[in-house]
Amino acid sequence: TIRPVRRSYYDPSSAPGKGVVWEWENDSGSWTPYDMDVGITIQRAYEKQHPWVDLSAIGFCYVIDFATMGQINRQTQRKRRVRRRLDMVYPLVSGTLPKSQSWPASPGAAAAPPGPACACPQCLLVMSVKATVSAAGPGTATLQPRKAPPAPPAAAKALVLAPGAKAPHGTATVRGSLKPLVAQGGRQQAASTPTLSSASSAASPPGAGSGKASHPGLGTLNRSHLQRLAIAQSRVLIASGVPTVPVKNLTGSSPVNPALAGITGILMSAAGLPVCLTRPPKLVLHPPPVSKSEIQSIPGISHTCRKTTKKQAKKGKTPEEVLKKYLQKVRHPPDEDCTICMERLSAPSGYKGPQPAVKPDLVGKLVKCGHVFHLYCLVAMYNNGNKDGSLQCPTCKTIYGVKTGTQPPGKMEYHIIPHALPGHSDCKTIRIIYNIPPGVQGPEHPNPGKSFTARGFPRHCYLPDSEKGRKVLKLLLVAWDRRLIFAIGTSSTTGESDTVIWNEIHHKTEFGSNLTGHGYPDINYLDNVLAELAAQGITEESLVQEKD
């Protein structure tokens, strides 16, 4: 599959130009940055001292409240914390990069006039390594440090080399301090462990000296020695107990990824930065293998599989007859706007679409929530929806009737497996397997008659086999029957349109980890998903309705 890519330029006065990052708190309690365009929109409103900003204009159903620093989902009313922090300024680039900033330079290329110096840490690192390589002279294949100034350094810094150490598969990480690495315990191991001086004095020529053997420079080390050097640095960092910050996630068992980690470590070492090679945490999506004999049905829930059933609205019911059950006519409309057409309720409806069979000046009030609209607008809204006999207030999202969705046909399996989830060691696990095949969109979908894709199926999801976990499963079965768990639309992950997507009811798809925020432990997940189900009109009362 070939997809286009692009790069974007940002104004220095924008959020990335100032190094401002806006983040939201995910289910695991960690912080996730907003997309660049969303962060720019939030920062612009923040700088104008607006009390809040509505992100629906850029395609997201969220409101950011600056007073409480919270994100509010307009559909589910769920709130999350947001924060604003300062980070590195986004590199400002205009036009093509000058050749002087290209590294390594191609042999024989003419030197271009130097461009303006950039003070960001990435450029400082590249330029320092480039200066180190340039000092070694042309044709030198190994990295060699630049000669020290005539005055010897105040204290020689030494790195301990662990003989025979091998580079582990992992990631290159760099400590926040940019000071040269001081080997801990180097003096005690001087008798048995060779050391490498990172700076030599130019005051005494090679060969002259104190009778001790001169230490080799980086230029005399081969690849295995450089690997040992990086490992020695990492061991000293680990021994010091100072936390490290990942530079790049280079997981994998192939020789390419560890090689990239090693090269990154070598370059950073040559620039005088401390390096630590560590193993990254692993993503655990699935449990250990389970045999058929170990799989159990769930007590209190019949069957272990359910297929999608498409519920149609009752025939013979016109939109006016459906809405009549939920509305009261208002003879004297209040002096306010209709939130559907944004015209005054005392004036006729401003809806310009297909003409409903009602007068445009009639006004009705929803019986539960009391919000008032043009009856003309409500009929038009109903005709543009699923036409399933239900209505959802566009202001407060109160549901009238039984709401159904547009989930395509598929199958839902559910059973118990004999493994525990992180944070739920006292019980087994409920595994849910969703399987929806690709197909053709129906009249209720965005593009009727057009094919749709179904990526990532079958999708495995997990719940603890506890009392609350079983309650969530029963409500998910109601949501499945009402076709509310999936929909057809545009994927927020890949950008692909006309594909099967999740429909505002979050699931846990990681079994043994929580690296993406879709795993365990998460003490608030069951309560959050119950609130999301309630926002779709699915509560314990729905279980009684389904039995009836």
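Refer to the structure printed above.
Since the model is a prediction, treat every value here as computed from it, not as a measurement.

**What about the overall build of the protein chain?**
Secondary structure summary: the protein chain contains 10 helices and 24 strands in total. Scored against the burial criterion, the 548 residues of the protein chain give a buried share of 36%. Counted over contacts in the protein chain with a minimum sequence separation of 6, partners at least 24 positions apart contribute 66%.

**Examining the pattern of salt bridges**
Opposite charge on two side chains permits them to pair, given that their charged atoms come into close proximity. As enumerated under the stated definition, the model contains 20 salt bridges in all. Taking the shortest distance from any N to any O, the salt bridge between lysine 411 and glutamate 413 comes out at 3.9 Å. The residue glutamate 496 makes a salt bridge to arginine 455 at a minimum N-O spacing of 2.9 Å. Note that glutamate 496 is positioned in the loop between strand 23 (486-489) and strand 24 (499-502) and arginine 455 in the loop between strand 21 (451-452) and strand 22 (459-464), a separation of 41 residues in sequence. Its relative accessible area of 48% is what places arginine 455 among the partly exposed residues. Beyond isolated ion pairs, a larger network of salt bridges with shared partners links Glu23, Arg83, Arg85 and Asp87.

**What about helix 2 (residues 36-47)?**
The end-to-end C-alpha distance of helix 2, which contains 12 residues, comes to 16 Å, matching closely the 16 Å that a straight helix rising 1.5 Å per residue would cover. Listed in full, the buried residues belonging to helix 2 are Val38, Gly39, Ile40, Thr41, Ile42, Gln43 and Ala45. Looking at the buried side of helix 2, the elements it contacts are helix 1 (15-18), strand 1 (20-25), strand 3 (52-54), strand 4 (62-65) and strand 6 (79-86).

**Brief notes about helix 8 (residues 467-481)**
For helix 8, spanning 15 residues, the distance from its first C-alpha to its last is 22 Å, which sits close to the expected 21 Å at 1.5 Å a residue. Two residues or fewer past helix 8, arginine 483 is found with a positive phi of approximately 60 degrees.

**Topic: the packing of aromatic side chains**
Enumeration according to the criterion identifies 12 aromatic pairs in this entry. Where tyrosine 46 meets phenylalanine 66, the ring centres are 5.5 Å apart and the plane angle is 70 degrees; that geometry is what we call edge-to-face. With tyrosine 46 in helix 2 and phenylalanine 66 in the loop between strand 4 and strand 5 (70-73), this residue pair connects regions lying 20 residues apart in the sequence. Here the aromatic residues Tyr434, Phe457, Trp480, Phe486 and Trp502 are joined through ring pairs into a cluster of three or more. Taking the ring centre of tyrosine 400 as reference, the NZ or CZ of lysine 368 above it sits at 5.4 Å. Positioned above the aromatic ring of phenylalanine 457, the side-chain terminus of arginine 459 is 4.2 Å from the ring centre.

**Quick notes on the environment of threonine 395**
Tracing the backbone through its elements, the reader meets threonine 395 in the loop between strand 16 (391-392) and strand 17 (399-400). Taking relative accessible area as the criterion, threonine 395 reaches 38% and is therefore assigned partly exposed. Considered as a pair, threonine 395 and isoleucine 340 are 55 residues apart in the sequence and their alpha carbons are 8.9 Å apart. With sequence-adjacent residues up to four places away left out, threonine 395 is seen in contact with Thr339, His371 and Phe373. A distance of 3.2 Å separates polar atoms of two side chains, one belonging to threonine 395 and the other to threonine 339.

**Digging into the sheet that holds strand 13 (residues 327-329)**
Strand pairing in a sheet takes place through backbone hydrogen bonds and is either antiparallel or parallel in direction. Here we have three strands laid out as an open sheet, ordered 13-14-15, and antiparallel in their pairing. The open sheet has two edge strands, strand 13 and strand 15 (372-374), and neither has a second partner. On average, adjacent strands in this sheet sit at an angle of 40 degrees to one another, irrespective of strand direction. Both strand 14 (residues 363-366) and strand 15 contribute to a ladder of three bridges, which runs antiparallel. Across the sheet, the residue bridging to valine 363 is histidine 374, located in strand 15. Together, strand 13, strand 14 and strand 15 form the strand contacts of helix 7 (residues 375-383), whose direction differs from that of strand 15 by roughly 80 degrees.

**Comments concerning the packing of helix 8 against helix 9 (residues 525-535)**
Here helix 8 crosses helix 9 at 25 degrees, and the two axes come no closer than 10 Å. With respect to helix 9, the element helix 8 is oriented roughly parallel. You can see that helix 8 and helix 9 cross each other, and the crossing is left-handed. Where helix 8 approaches helix 9, its residues Lys468, Gly469, Lys471, Val472, Leu475, Leu476 and Ala479 are matched on the opposing element by Leu526, Asp527, Val529, Leu530 and Leu533. Classifying every residue of the contact of helix 8 with helix 9 gives eight nonpolar, one polar and three charged.

**Quick word on the nonpolar core**
If you look at the biggest cluster of nonpolar residues, it comprises 39 residues, and the most contacted ones within it are Met412, Ile432, Tyr434, Leu463, Leu473, Leu476 and Phe486. Only strand 18 (411-417), strand 19 (429-435), strand 22, helix 8, strand 23 and helix 9 provide two or more residues apiece to this core. For this core, the element with the highest residue contribution is helix 8, accounting for eight residues. If we skip the residues at most four places from it in the chain, leucine 476 touches Met412, Ile432, Tyr434, Leu463, Ile485, Ile505, His507 and Leu533. Leu323, Tyr326, Val358 and Leu391 belong to the second largest nonpolar core, which has 21 residues in total.

Cut-offs and rules
- Residues numbered from 1 in each chain as written.
- Predicted model: local features only at pLDDT ≥ 70, side-chain atom pairs only at ≥ 80, totals over all residues.
- Heavy atoms only, no water.
- Helix = DSSP H or I, 4+ residues; strand = E, 2+ residues; numbered from the N terminus.
- Buried < 20%, exposed > 50% of the residue type's maximum accessible area, 1.4 Å probe, protein only.
- Contact = heavy atoms within 4.5 Å.
- Salt bridge = Lys/Arg side-chain N within 4 Å of Asp/Glu carboxyl O.
- Expected span 1.5 Å × (residues − 1).
- Phe/Tyr/Trp six-rings, centres within 6.5 Å; stacked < 30°, edge-to-face > 60°.
- Lys NZ or Arg CZ within 6 Å of the ring centre and 35° of its normal.
- Polar contact = N/O pair within 3.5 Å; in protein donor to acceptor, adjacent residues only side chain to side chain.
- Pairing = 2+ DSSP bridges.
- Axes fitted to C-alpha atoms, helices over the stretch in contact; angles between N-to-C directions.
- Parallel < 35°, antiparallel > 145°, perpendicular 65-115°, else oblique.
- Left-handed = near helix turned anticlockwise from the far one by under 90°.
- Nonpolar A, V, L, I, M, F, W, Y, C, P; charged D, E, K, R; others polar.
- Core = buried A, V, L, I, M, F, W, Y, C linked by side-chain atoms within 4.5 Å.

Just distances and angles here, no functional claims.
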